[in-house]
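Fold and geometry: a report
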Amino acid sequence: ERFSDHPIDLKGNNDLLALTQPELLANIHRDYLSAGADVIETNTFNGTRVVQSDYGLEPIVYELNLAATKIAVAVAQEITTHTPNQPRFVAGALGPTSKPLSISPDVNDPTFRSITFDAVRESYAEQVRGLIDGGCHLLLVETIFDTLNAKAALVAIHEVFEEKGFELPIMLSVTITDRSGRTLSGQTIESFWTSIEHAKPFSVGITCRLGASEMRP
């Protein structure tokens, strides 16, 4: 009911389910944990002001991340009580946003950028505050296709850590776009690692774009 008169079509804005269908999300988290998952991620892949601006929902970004995290944490705690020898954890998920910092969206002007580094950083900081306040156990910068966006996320994360006076583990996952073994912004796995190792991540992985057999090499 809250968004029934919203002027922009909200179809496809799956992050909004944290506010409109919380029990649906809880059941999905519960299924993964019941199947044996140690870590689940929050339903916040598009939970930044950058992406939510497409739907005219910038004012609810913090609320969205807070609610999504609380749902995941509650279910993780519920399952942990049944399996005390296997504690479960929640990763606050930060998606890549819809606007790359390294690549021009205009093929006729390679210098053009649709957004600034500071705007992306501030957008991520807002999201991180919601994720941390919701009680997540770690932060996952995921599906990285543009390392500069990931750097903006890492700067934002450490800024919020300073605000809060504590730190959480950071996980990263990068997307390899094809068999060349490079990201969309042209980096090899080795150069990607060199770009982000200063953040001392808890883990670095590859997301599923290619499928398991193509990811192995």
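Everything numeric in this text was worked out from a predicted model, so none of it was measured.

Our next topic: the overall build of the chain. From N to C terminus, the chain includes eight helices and five strands. Helices (α) and strands (β) of the chain occur, in sequence order from the N terminus, as α-α-β-α-α-β-α-β-α-β-α-β-α. If you line up the chain on its principal axes, its C-alpha atoms span 55 × 45 × 40 Å. Split into buried and exposed, the 217 residues of the chain put 44% on the buried side. By sequence separation, contacts in the chain at least 24 residues apart represent 75% of the contacts at least 6 residues apart. Total accessible area on the chain stands at roughly 11,200 Å², and carbon and sulfur atoms take up 54% of it.

Side chains on a regular strand alternate between the two faces of the sheet. Note: strand S4 (residues 170–174) against strand S5 (residues 203–206), four bridges, orientation parallel. Directly across from Met 171, in S5, lies its bridge partner Ser 203. Traced from S4 through helix H7 (residues 189–196) to S5, the parallel crossover comes out right-handed.

Read from one edge of the open sheet, five strands run S1-S2-S3-S4-S5, paired in parallel fashion. Bordering the open sheet on either side are strand S1 (39–41) and S5, each of which pairs with just one other strand. Neighbour-to-neighbour, the strand axes of the sheet open up by a mean angle of 25 degrees, direction not taken into account. Here S1 pairs with strand S2 (residues 89–94) via three bridges, running parallel. Looking at the pairing, Val 39 lines up with Phe 89 of S2. Those strands touched by helix H6 (residues 147–164) are S2, strand S3 (138–144) and S4, and its axis lies near 170 degrees from that of S3.

On to the side chain of Asn 149, then. Here Asn 149 lies in helix H6. On the basis of relative accessible area, Asn 149 is assigned to the buried category, the value being 3%. A distance of 3.1 Å separates a polar side-chain atom of Asn 149 from the backbone oxygen of Pro 96. Among the polar contacts made by the side chain of Asn 149, one reaches the main-chain amide nitrogen of Leu 101 at a distance of 2.9 Å. Every residue in contact with Asn 149, bar those within four places of it in the chain, is listed here: Pro 96, Thr 97, Lys 99, Pro 100, Leu 101, Val 120 and Tyr 124.

Here we take up the packing of H6 against H7. The contact between H6 and H7 brings their axes to 10 Å, and the two run at 25 degrees. One finds that H6 runs roughly parallel with respect to H7. Relative to H7, the crossing made by H6 is right-handed. Here Thr 147, Lys 151 and Leu 154 of H6 lie close against H7, whose contacting residues are Phe 192, Ser 195 and Ile 196. Grouping the amino acids of the contact of H6 with H7 by side-chain chemistry returns three nonpolar, two polar and one charged.

What counts, and at which threshold
- Residues numbered from 1 in each chain as written.
- Predicted model: local features only at pLDDT ≥ 70, side-chain atom pairs only at ≥ 80, totals over all residues.
- Heavy atoms only, no water.
- Helix = DSSP H or I, 4+ residues; strand = E, 2+ residues; numbered from the N terminus.
- Buried < 20%, exposed > 50% of the residue type's maximum accessible area, 1.4 Å probe, protein only.
- Contact = heavy atoms within 4.5 Å.
- Areas by Shrake-Rupley, 256 points an atom, 1.4 Å probe, with all protein chains shown as cover.
- Pairing = 2+ DSSP bridges.
- Right-handed = clockwise from strand over helix to strand, strands pointing away.
- Axes fitted to C-alpha atoms, helices over the stretch in contact; angles between N-to-C directions.
- Polar contact = N/O pair within 3.5 Å; in protein donor to acceptor, adjacent residues only side chain to side chain.
- Parallel < 35°, antiparallel > 145°, perpendicular 65-115°, else oblique.
- Left-handed = near helix turned anticlockwise from the far one by under 90°.
- Nonpolar A, V, L, I, M, F, W, Y, C, P; charged D, E, K, R; others polar.

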